[in-house]
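Structure assessment
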Amino acid sequence: MEPPAEVVHWLFGTGFVFLGLCLLAETIVGHEVWRRRSWRAYVWPAVAFLMGIAMWPVMVFYTSSAIHMLAHGVWAQAMMIAGAAQLGLVRGKLRSSLWELTMPLAFAVSGAAFLIHEQNPWLFSRAAFLHHALGWTALAGALITIARFVRPRSPVFNTGFALIFLAVATLLFCDRNVAPIFGHLSPLAGGR
Amino acid sequence: MRPRALAAAAIVALALPATALAHANLLQRVPNFSARLASSPPAVSLRFDQGVDVFSDSIQVRSSTGKLVSAGPAHAVDGKQVATVPLQRLPKGAYTVRWHVTSFEGHVLSGVYTFGVRVVPPPPTEAYGSAGPTTFEYIVKWGYFLGLALVVGGLAFRLLVVGRRSTPAVDRRFYLVATVGVVASIELGILGFLLRARDAFQLPLGRLVYGDLSPLAQGTRFGTAFIFMTLGFALIAAILFLAWLTDRPVLLWPALAFGLFLISGLSLSGHSAVETGSSWRTELADWVHLSAACIWVGGLAQLAFVVWPAAPALRREAFLRFSQLAGGVVGLMVVAGAYLAYVRLPQASDLWQERYGKVLLLKSGLVALALSWGALHHFVVRPALQQGRGTGSRAISRSLLGESAVAMAVLLVAAVLVDANPPPRPEKQPTRAAVIR
């Protein structure tokens, strides 16, 4: 009944592509132009929040190991909290700019979940490589979003913020048994 | 030309399939979990999506008395993707399979499940070797009930008692308390599921992380309730957030309806749904009992922690309106509880002889204390407030906190009670006519 795990990863990858492209577009055209239509300000936080909600079914239906279940639960909550805080800020319900720090927190927690979840070194297998790459990408995302919090108008940090989501999407497209990026991998890779 | 070439290369790369090694996953169990077999199976086999290391004790099959029934060591076949163990000829009964293998990426995967030969097997949570709930599990379940009460009771209080009289300060506290409730329900629900899994697996947490939880999640009522409640609370969290974000309290109505619906899931996963003598009446009574308790406890918490400190002007009206609501829900709770006690305890002596009866007696004592406290509020505080006296009284505030504490203690005993099995119903004696025939 459940779709294959790789398909679920690609669906979330698609969500991250959309998120990253929205942020990149905002950086390219500028904050003021992007927000000429007020609804645009809600787009990427709402997508992040909805992706958090959509992660819950993944958590409860893919229970082949406890650590996967817990990791997906962490990602669900991280995305919901970060998206909700951004929506609250955009709407004016939250006033303190400190709420912006929920985003680096979400990245840090998500990255840690990836790294704890993978117990093997980088080159042990393709899955190990991807888990490490995703974990460190998310931790880099945490640093970039902290820098963006300090200098919110910086085009470098805003571009970096958008590119982090695109990088996460690319890695998600590479993950699992049948991956649409990076071509064929020997079935012996990672074996003993 | 160059951008076109790059785009074409990207499209080709995206279109090409590839294989990659992820964690080993269990694809198939033979016999499957919860299977009821007509005859003894020759072996237990587990098929994985990649090769695994199998040891001689990797699969252990035990009868309901704990006797090992394997006929040889476990070994790998089919390119190490299948772990299998031969079995002796199994007599009628329930069997527990405990397995552990090491995947090529180094993780120790493990699992537990049950199957039956000519009998319906028990759920994996009652597999041979599992010890039952611990004190910590009771405390977690108590927190879970408390979270449920804070959400459902809080929503009922906000909609039925406060209504349009709400102020920004009240709303701020209401959303805070409801959020605490919904987060507690989600987190403690997950923790409770893991604790139950640890008991079934009989493994330390470090090894449980690669445990296959699917037989528990998909093969037990407890697991179904876990899935249903986790998804439900995530949705309630989203609706609560939307109501807060858009300042539309009308959205709280679907959240309340959904919360009450979720309580039915709790009823269906509890003993009321599986014990002998259960029927749609007992399940309905269980749902009414739980819903009424949640509205009562959650409403008390809202009165004590939200309205009293945040809105002095609202105290009198909120107290009087909640008093009316509480009278109705407590009445429903007591009637439904009394009916369930009547159904579950075949003899009055079960109350002091059986564990279930003793816990029920303790719970009834606490409920009686809470009801006396409520009666004091109804017959002493209510008339005073109706006459416009006492809204600034600290004694009332402390008294409300006291009643809330007793109500929360009732939930703690309820957490113990839901895991206690009611005494079995005595077999019906054949009638004299049947004996003669």
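If you're wondering where the values come from, they're calculated on a predicted model, not measured in any experiment.

The rules behind each value
Residues numbered from 1 in each chain as written. Chains lettered and ligands numbered in written order. Predicted model: local features only at pLDDT ≥ 70, side-chain atom pairs only at ≥ 80, totals over all residues. Core = buried A, V, L, I, M, F, W, Y, C linked by C-beta atoms within 7 Å. Buried ≥ 20, exposed ≤ 12 C-beta atoms within 10 Å, placed from the backbone. Helix = DSSP H or I, 4+ residues; strand = E, 2+ residues; numbered from the N terminus. Contact = placed C-beta atoms within 7 Å. Expected span 1.5 Å × (residues − 1). Axes fitted to C-alpha atoms, helices over the stretch in contact; angles between N-to-C directions. Parallel < 35°, antiparallel > 145°, perpendicular 65-115°, else oblique. Left-handed = near helix turned anticlockwise from the far one by under 90°. Pairing = 2+ DSSP bridges.

So, about the nonpolar core. A general trend in soluble globular proteins is that nonpolar side chains are found buried together. With 166 residues, the main nonpolar core has A:M79, B:V152 and B:W296 as its most contacted residues. With 18 residues, the single largest contributor to this core is helix α8 (residues 280-310) of chain B. Other than its neighbours up to four places away in sequence, B:W296 contacts B:G153, B:A326, B:V329, B:V330, B:M333 and B:A407.

All names here are of chain A. In a regular helix each residue adds 1.5 Å, so 26 residues correspond to 38 Å; helix α4 (residues 66-91) covers 37 Å between its end C-alpha atoms and thus fits that length. In terms of residue burial, α4 counts as a mostly covered element, since 20 of its 26 residues are buried. Looking one or two residues past α4, G92 carries a phi angle of roughly 90°, positive in sign.

Turning our eyes to something else, we now look at the packing of α8(B) against helix α12 (residues 394-417) of chain B. The geometry of a pair of packed helices is captured by two quantities: the angle between their axes and the separation between those axes. Residues and elements named next belong to chain B. Two elements in contact, α8 and α12, have axes separated by 9 Å at closest approach and are oriented at 150°. Classed by the angle they form, the pair α8 and α12 counts as roughly antiparallel. Crossing of α8 against α12: the hand is left-handed. Each of W296, V297, L300, A301, L303, A304 and W308 in α8 lies in contact with α12, whose residues at this interface are S397, L400, L401, E403, S404, A407, M408 and L411.

Side chains of residues three or four places apart in an α-helix project in the same direction, reflecting 3.6 residues per turn. Here helix α6 (residues 221-246) of chain B is 26 residues long and its end C-alpha atoms lie 37 Å apart, about the 38 Å a rise of 1.5 Å per residue gives. Residue B:D247 follows α6(B) closely and has a positive phi angle near 55°.

Let us now look at the environment of B:L345. Residue and element names in this part refer to chain B. You can see L345 is positioned in the loop between α9 (315-344) and α10 (350-353). C-alpha separation for the pair L345 and G357, spaced 12 residues apart in sequence, amounts to 7.4 Å. Residues contacting L345, with those up to four places away along its chain left out, are D350, L351, G357, P422 and P423.

This part is about the sheet that holds strand β7 (residues 82-86) of chain B. Residue and element names in this part refer to chain B. What the 4 strands build is an open sheet, ordered β1-β3-β7-β6; its pairing is antiparallel. Each of the sheet's edge strands pairs with one partner strand only, and the pair in question is β1 (26-30) and β6 (75-77). The mean inter-strand angle of the sheet, taken between neighbouring strand axes irrespective of direction, is 25°. Across 4 bridges, the pairing between β1 and strand β3 (residues 43-48) is antiparallel. Within β3, the position partnered with R29 by the bridge is L46.

No statement about biological role is implied by the geometric values presented.
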